[in-house]
Protein chains: 2
Amino acid sequence: MAINKKEEFTVEEQELAEFAKAIAHPARIAILKVLAQKQSCICGEIVEVLPLAQSTVSQHLKELKNAGLIQGTIEGAKSCYCIDPEKFRRFRTTFDTLFALVKNSGCC
Amino acid sequence: MAINKKEEFTVEEQELAEFAKAIAHPARIAILKVLAQKQSCICGEIVEVLPLAQSTVSQHLKELKNAGLIQGTIEGAKSCYCIDPEKFRRFRTTFDTLFALVKNSGCC
DNA sequence: AATGTATATCGCAAATATACGATAGGATTT
DNA sequence: AAATCCTATCGTATATTTGCGATATACATT
């Protein structure tokens, strides 16, 4: 049981689900907001602002990076994370495709 | 460990995370598409189309219902599910608020 | 009343996510 | 060179999600 059946859906469905999962936690939304506001990309500042341990924040950053919504590069001793607006546009396009289908759906 | 820290974020962040979680699985996206296309709301047809057991589909429907993205009413012996466009608009608005912050975010 | 049909829920197993402390390793500072 | 700082990763505990079969329930049909 609990076999992974995700592969049996379309690529678009899987892609949108992946994006959605990336922002399916308030901590990760908060991280994105911090990155957007600061315009710069200091990891340590995120840890300071969030009510989570450093290791937990690092894990959330990794998930956002895996989904492609942020990029991370090593900047000397520190790590520099920043939003990938391109991927975010793709996220919105994919979501809007679903929304377009759904928005005029009548109810019984 | 693994204490739930979600409460420590803003209501908006929690709300968007909830919506996102609802569509964070390809099966649930597929269900929404079926409901949107058919315009009517027959649960049995969803089970036929998806590569999942009836009980699993029922569970996914429950999660979509909990998130408010669909409504479900008992229609005789059958159950009638349909999309709630109002909630979906709210989803999009909440997402767009994040997107607006993020879209012009420069990178290092 | 008995049978069949449709759907929800229970109980379980496996997988994944969440969270932390400890630790490792690479820079920077002293 | 040693100490310190920053961040990633490992190990671990717990919680949640995913999936199914079996069962219960509610209506429909015979």
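Along each chain, residues carry numbers from 1 onward, in the same order as the chain's sequence is written. Ligands are numbered from 1 and chains lettered from A, in the order in which they are written. Per-residue local features are limited, in this predicted model, to residues with pLDDT of at least 70; the limit for side-chain atom pairs, both in listing and counting, is 80 or more; totals at the level of whole chains, interfaces and linings are taken over all residues. Note that the side-chain values use all heavy atoms of the structure and ignore hydrogens as well as water.

The name an unreviewed UniProt entry assigns to chain A is ArsR/SmtB family transcription factor, from the organism Paradesertivirga mongoliensis.

## Considering the nonpolar core
Where a protein is soluble and globular, its nonpolar side chains tend to be buried together. The test is simple: Here, the term nonpolar core denotes a set of buried Ala, Val, Leu, Ile, Met, Phe, Trp, Tyr and Cys residues that are joined through side-chain atoms within 4.5 Å. For every residue, the accessible area (1.4 Å probe, protein chains only) is compared with the maximum for its type, and the residue is labelled buried under 20%, exposed over 50%, or partly exposed between those bounds. Residue contacts are defined here by distance: any two heavy atoms, one from each residue, within 4.5 Å place the two residues in contact.
With 67 residues, the main nonpolar core has Ile-23, Leu-69 and Phe-88 of chain A together with Ile-23, Leu-69 and Phe-88 of chain B as its most contacted residues. Contact partners of Phe-88 of chain B, with chain neighbours within four places excluded, come to Leu-98, Phe-99 and Val-102 of chain A together with Leu-32, Leu-69 and Ile-83 of chain B.

## A word on the pattern of salt bridges
Our working rule: Any Lys or Arg side-chain nitrogen located within 4 Å of an Asp or Glu carboxyl oxygen qualifies as a salt bridge. Note on conventions: DSSP H or I runs of at least 4 residues are helices, E runs of at least 2 residues are strands, and numbering of each starts at the N terminus.
Under the criterion given, the structure shown has 12 salt bridges over all chains. With its nearest N and O atoms 3.2 Å apart, the salt bridge here joins Glu-13 of chain A to Lys-33 of chain B. Placement of Glu-13 of chain A in helix α1 (residues 11–22) and of Lys-33 of chain B in helix α2 (residues 26–38) is noted, with the two residues assigned to different chains. Under the relative-accessibility criterion, Glu-13 of chain A is labelled buried at 7%.

## Considerations on helix α4 (residues 54–66) of chain B
Along an α-helix, residues three or four positions apart point the same way, because every turn accommodates 3.6 residues. Residue and element names in this part refer to chain B. For clarity, the cut-off: Expected span of a helix, by definition, is 1.5 Å for each gap between consecutive residues, and there is one gap fewer than residues. It is the directions from the helix axis to the C-beta atoms whose arc is reported.
Along its 13 residues, α4 runs 18 Å from first to last C-alpha, staying within 8% of the 18 Å computed at 1.5 Å per residue. Those residues of α4 lying buried are Val-57, His-60, Leu-61 and Leu-64. Looking straight down α4, one finds that the buried residues subtend no more than 100° of arc, so they occupy a single side. Residues of α4 that are exposed and point more than 90 degrees away from the buried face comprise Gln-59, Lys-62 and Asn-66. Backbone geometry just downstream of α4 places Gly-68 in the positive-phi region, at approximately 90°.

## Here's the deal with the packing of aromatic side chains
Definition in use: Stacked, tilted and edge-to-face pairs are distinguished by plane angle, under 30 degrees for stacked and over 60 for edge-to-face with tilted covering the rest, among Phe, Tyr and Trp rings (Trp via its six-membered ring) whose centres lie within 6.5 Å.
Counted under the stated rule, the structure contains 11 aromatic pairs over all chains. Ring centres of Phe-95 of chain B and Phe-99 of chain B lie 6.3 Å apart, and the angle between their planes is 25°; on these two criteria the pair is classed as stacked. Placement of both Phe-95 of chain B and Phe-99 of chain B in helix α5 (residues 85–102) is noted, with a separation of four residues, approximately one turn of the helix. An aromatic cluster is built from Phe-19, Phe-88, Phe-91, Phe-95 and Phe-99 of chain A together with Phe-19, Phe-88, Phe-91, Phe-95 and Phe-99 of chain B, whose rings are joined through pairwise contacts.

## Brief notes about the relation of the copies chain B and chain A
The two chain copies are related to each other by a rotation about an axis together with a translation along it. For the record, the criterion: Here the copies are superposed with least squares, the fitted atoms being C-alpha atoms of residues at a pLDDT of at least 70 in both.
Each copy of the sequence occupies a distinct position, and chain B is placed on chain A by a rotation of 180° and an axial shift of 0.0 Å, giving an RMSD of 0.0 Å. Between the two chains, the operation in question is that of a two-fold axis. Of the C-alpha atoms belonging to chain B, the one lying closest to the rotation axis is found on Ala-20 of chain B, 2.5 Å away. A share of 100% of interface residues in chain B that are also interface residues in chain A marks the association as one of identical surfaces.

## Description of the protein's contact with DNA strand D
Just so we agree on the cut-off: Throughout, near means a residue has at least one heavy atom within 4 Å of the molecule or strand. Whenever two N or O atoms come within 3.5 Å, that pair is a polar contact, provided that in protein one can donate a hydrogen and the other can accept it, and provided that, for residues adjacent in sequence, both atoms are side-chain atoms. Ten residue types, Ala, Val, Leu, Ile, Met, Phe, Trp, Tyr, Cys and Pro, are classed as nonpolar, four, Asp, Glu, Lys and Arg, as charged, and the remainder, Gly among them, as polar.
Near DNA strand D you find 26 residues, and of these Lys-5, Gln-54, Ser-58 and Tyr-81 of chain A together with Thr-56 of chain B are the closest. Of all DNA strand D atoms lying within 4 Å of any protein atom, the proportion belonging to sugar or phosphate reaches 64%. Between DNA strand D and Arg-28 of chain B, the relevant distance is 3.0 Å, taken from a phosphate oxygen to a side-chain nitrogen or oxygen of the residue. The separation between a phosphate oxygen of DNA strand D and a polar side-chain atom of Glu-63 of chain B is 3.1 Å. Counting residues per element, the ones that place at least two in the surface near DNA strand D are α3 (43–49), α4 (54–66) and β2 (78–83) of chain A together with α4 of chain B. The leading source of residues in the surface near DNA strand D is α4 of chain B, at five residues. In the surface near DNA strand D, the residues fall into 10 nonpolar, 11 polar and five charged.

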